[in-house]
Amino acid sequence: MVTVAGDYVQEAIARVYRRYQETLEQRRQIDYPDLIRLAVKLLEENEDARQHYQELTRHLLVDELQDTGLSQYRLVALLGGRYRNVFAVGSPAQGIYGWRGADPAEMVSRFTQLFPDARVLVLRQHYRSTCTLLAASRAVGEGYPDADLWTNNPAGAPVTVVRVADEAEEARFVADTALDLHEGQGLAWSGMAVLFRVRRQATPLEQLLLQRRVPYRLTAGSPFFRQRDVRHLVAYLRLARDPLDGRSLAAILNVPPRGIGAATRKKLMGDEPCLEPWMICNAENREDLRPEARAGLQWLADFINDRLPVQAAEMAPRELLAYVIEETGYSQMIDDALEAHQRRTTVRELLALAGRYDELAAFLGRVEELEGETVTDQEGVVLSTIHQIKGLEFPVVFVVGMEEGLLPWGRAGGRDEEERRLFYVAITRARDRLFLIHARSRRDYQGRVTRAELAPSPFLRLLPRELTERVRLD
């Protein structure tokens, strides 16, 4: 247990952490850091276990050494301490996990302290990118010894820096360019990647790619219109338009939870093949249902048949969606969830999309178009945060959101050096072409322009002008 004293906030965090660990123990669960912490604890305290696993680990390979923390180094020392056949690969210029305790500047010294007889081999020749892209990465990684590489590859095209009006034009540029590269030059969809700093930047890109029928795949998470909160809230809006929509009713019957479980649903349906809205009417008079289920069904019937249609007639789509979120208890349900932050972000993105429409029918029609268009495809254009793309390479890479506040991230907490390394990782994913896109303005979750003029990322100034071409679309 970590002890902290003196500061009220730190003491509060310590109490929360202690309670968190107690809860994990009571439930016989572990979290991700425990996978390493408990393994180290076992190997340090149990000699039989240590000898057993050291005998199994005659050769040990450690990748991405620059992103490892002290506990991971300790695990490597314990596993590889007997045979000492440890081979580690790392690049301090690509260290992007300082917020998890990694220290790329100490990478080599930490390793050689564990294994004083280790040989250090520095690889200088670069095989992936064109000469131009390598020169760009050297400029961004100036000061990092491992960024000083050379290559025999051809010069290649310049880095294209594109200025657009907003995130909608940014998405159009990506979609149009991807179509041109695929149809005009025969580049496979999977040969292109769109990289961004945070996951929410993917939403406008998804919508445009769906509209243009460009297949894509996300490296993590579900496509926007397949996320559960989007599906559930859209179902409520469909019921506002059509209270007889049985499919939508089935989707939200017990969302948020209102005491209507699988047994109640089965009793409501009887011998019918699917749930229909008339089945929840007069539920308060059914003796075969639990009181909690009867109350939940009565509330839902009143909401769908009486309150929701009235509000739908008076409210714009975004207002109606906000009304549904609050009145149904959906907001509280999300706040109580473990993944509350991520789910709130998804809901805000849906609110922003709804804010672009004045009529419910138009909004739902657009949603149905996007749901039914191109499905995500494992062979499609890759959409990924920069953190998740480590180790991969693509002929063509787009980096979107090249503005102050996004890259570098405004909440980085003074870790601009790590943000620079993150940009270095992004540009070194490209083999042949690199597009860096920044917008003059972006909209917030309510559809409002955040600022009249966004500043381009200061990282763009690191690129020598002779390596770039500038395009203005605003």
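Residues numbered from 1 in each chain as written. Predicted model: local features only at pLDDT ≥ 70, side-chain atom pairs only at ≥ 80, totals over all residues. Heavy atoms only, no water.

What follows deals with helix α15 (residues 340-354). A rise of 1.5 Å per residue sets the reference length of α15, with its 15 residues, at 21 Å; its end C-alpha atoms lie 21 Å apart and thus fit the reference within 8%. α15 sits mainly inside the fold: 11 of its 15 residues count as buried. (Helix = DSSP H or I, 4+ residues; strand = E, 2+ residues; numbered from the N terminus. Expected span 1.5 Å × (residues − 1). Buried < 20%, exposed > 50% of the residue type's maximum accessible area, 1.4 Å probe, protein only.)

Tallied over the full model, the rule gives 8 aromatic pairs. Ring pairing ties together the aromatic residues Tyr 236, Trp 299, Phe 303 and Tyr 323, which thus form one cluster. (Phe/Tyr/Trp six-rings, centres within 6.5 Å; stacked < 30°, edge-to-face > 60°.)

Another point: the environment of Val 16. Here Val 16 is to be found in helix α1 (residues 8-26). Taking the relative accessible area as the measure of exposure, Val 16 reaches 57% and is therefore exposed.

Turning to the pairing of strand β4 (residues 192-196), a few remarks are in order. In terms of burial, β4 is largely enclosed, as 5 of its 5 residues are buried. Where burial is concerned, the two faces of β4 agree: the one with Met 192, Val 194 and Phe 196 and the one with Ala 193 and Leu 195 are both buried. By the bridge criterion, 4 bridges tie β4 to strand β7 (residues 394-399) in an arrangement that is parallel. Bridge assignment links Ala 193 to a residue of β7, and that residue is Val 397. Here β4 pairs with strand β6 (residues 381-385) via 4 bridges, running parallel. By the bridge assignment, Val 194 is partnered in β6 with Leu 383. (Pairing = 2+ DSSP bridges.)

This part takes up the side chain of Ser 248. You can see Ser 248 is positioned in helix α10 (residues 246-252). Beyond its immediate chain neighbours, meaning those up to four positions away, Ser 248 contacts Ala 235, Arg 238 and Leu 239. (Contact = heavy atoms within 4.5 Å.)

By volume, the largest pocket is sized at about 1400 Å³. In terms of lining residues, the largest pocket is bounded by 39 residues, among which Val 89, Gly 90, Ser 91, Leu 121 and Leu 123 are the most central. Residue assignment for the lining of the largest pocket shows that the elements contributing at least two residues are β2 (86-88) and α5 (107-114). Of the residues belonging to the lining of the largest pocket, the class tally is 19 nonpolar, 10 polar and 10 charged. (1 Å grid on protein atoms, 1.4 Å probe; cavity = no way out; pocket = protein on both sides within 12 Å on 5 of 7 lines; lining within 4 Å. Points joined across faces, edges and corners; volume = space filled by probe spheres on them. Nonpolar A, V, L, I, M, F, W, Y, C, P; charged D, E, K, R; others polar.)

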